[in-house]
Amino acid sequence: MTYEKHTLTLGNGATLSVGLNAMTYISDTRIDDTILNGGIGTVIDRTDETGKEKTIKNVYKFEQSKCDDGWQICIFTKSAGMLKAEAMQEQLKNLKAQSEEEKTLLKAQIKALSDRNDFLEDCVAEMASIVYA
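Residues numbered from 1 in each chain as written. Predicted model: local features only at pLDDT ≥ 70, side-chain atom pairs only at ≥ 80, totals over all residues. Heavy atoms only, no water.

A. The pattern of salt bridges, seen in detail. The final tally for this structure, using the stated rule, is five salt bridges. We note a salt bridge from K61 to E63, for which the minimum N-O separation is 3.2 Å. The salt bridge involving K111 is made with D115; its shortest N-O contact spans 3.1 Å. Here K111 pairs with D115, and both are found in helix α2 (residues 80-131), just four residues apart, close to one helical turn. Taking the relative accessible area as the measure of exposure, K111 reaches 52% and is therefore exposed. (Salt bridge = Lys/Arg side-chain N within 4 Å of Asp/Glu carboxyl O. Helix = DSSP H or I, 4+ residues; strand = E, 2+ residues; numbered from the N terminus. Buried < 20%, exposed > 50% of the residue type's maximum accessible area, 1.4 Å probe, protein only.)

B. Spatial organisation of the packing of aromatic side chains. This structure, assessed with the given rule, holds one aromatic pair. K61 extends its terminal NZ or CZ atom over the ring of F76, reaching a point 4.6 Å from the ring centre. (Phe/Tyr/Trp six-rings, centres within 6.5 Å; stacked < 30°, edge-to-face > 60°. Lys NZ or Arg CZ within 6 Å of the ring centre and 35° of its normal.)

C. Inspection of the side chain of S27 at higher detail. The residue S27 is located in strand β3 (residues 24-27) in this model. According to the relative accessible area criterion, S27 is buried, its value standing at 4%. For S27, the residues in contact, after removing those within four places along its chain, are V18, D69, G70, W71 and I73. (Contact = heavy atoms within 4.5 Å.)

D. Up close: the sheet that holds strand β4 (residues 41-47). The strand order around the closed barrel built from six strands is β1-β2-β3-β6-β5-β4, with neighbouring strands paired in antiparallel fashion. On average, each strand axis in the sheet is tilted by 50 degrees relative to the strand beside it, whichever way the strands run. Two elements, β3 and strand β6 (residues 70-77), share three bridges in a ladder whose sense is antiparallel. Residue pairing for β6: S27 is matched across the bridge by W71. (Pairing = 2+ DSSP bridges. Axes fitted to C-alpha atoms, helices over the stretch in contact; angles between N-to-C directions.)

E. Representation of unusual backbone geometry in the model. Even without a glycine there, the phi angle at N58 is positive, about 60 degrees. By the element assignment, N58 lies in strand β5 (residues 53-67). Look at N58 and you get partly exposed, because its relative accessible area is 31%.

F. Representation of the environment of E63 within the structure. Inspection of the secondary structure assignment puts E63 in strand β5. Owing to a relative accessible area of 38%, E63 belongs among the partly exposed residues under this scheme. Along the backbone, E63 and A133 are 70 residues apart, and their C-alpha atoms lie at a distance of 89 Å. Apart from residues lying up to four places away in sequence, E63 is in contact with Q72, I73, C74 and F76. Within the structure, E63 has its side chain in polar contact with the side chain of K61 (distance 3.2 Å). (Polar contact = N/O pair within 3.5 Å; in protein donor to acceptor, adjacent residues only side chain to side chain.)

G. Inspection of the nonpolar core at higher detail. Judged by nonpolar contacts, the single largest core of 13 residues is most densely connected at L8, L10, L16, Y25, V43 and F62. Going through the elements one at a time, β2 (15-21) and β5 are the ones with two or more residues in this core. Leave out the neighbours within four places in its chain, and L8 touches A14, T15, L16, V18, Y25, V43, I44, D45 and I75. (Core = buried A, V, L, I, M, F, W, Y, C linked by side-chain atoms within 4.5 Å.)

H. Structural view of the pairing of β6. With eight bridges connecting them, β5 and β6 associate as antiparallel partners. Across the sheet, the residue bridging to F62 is I75, located in β6. As consecutive antiparallel partners, β5 and β6 are separated by two residues.

Keep in mind these numbers describe shape, not what the thing actually does.
This is the structure in structure tokens:
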């Protein structure tokens, strides 16, 4: 079976020559998983004949399966919900870091106030000893 020839440029810079049948990428040979797994992120799909390019963003996984014509390559992209969850996790991480900074600052302020209070108590005690002497 003949397929429209495409070149996929993965996020790690690796290029793959594949065929495209509707929405399925087909490779003549199995692609090393380390190449695929290192290529997540953004994938550029260029049609060899026309040079037209399509950007596939938020790729998080590739899967290969044997088929009659070679190896079928499935590209999985993050859904809007996944992207939103990642953004929320990043916000939570930033909030935790910010709260740790504030916690450290508050501890330092409490210690400074405690030291100042001790100093003032010592001053009052010394003044009292002078006045009542």
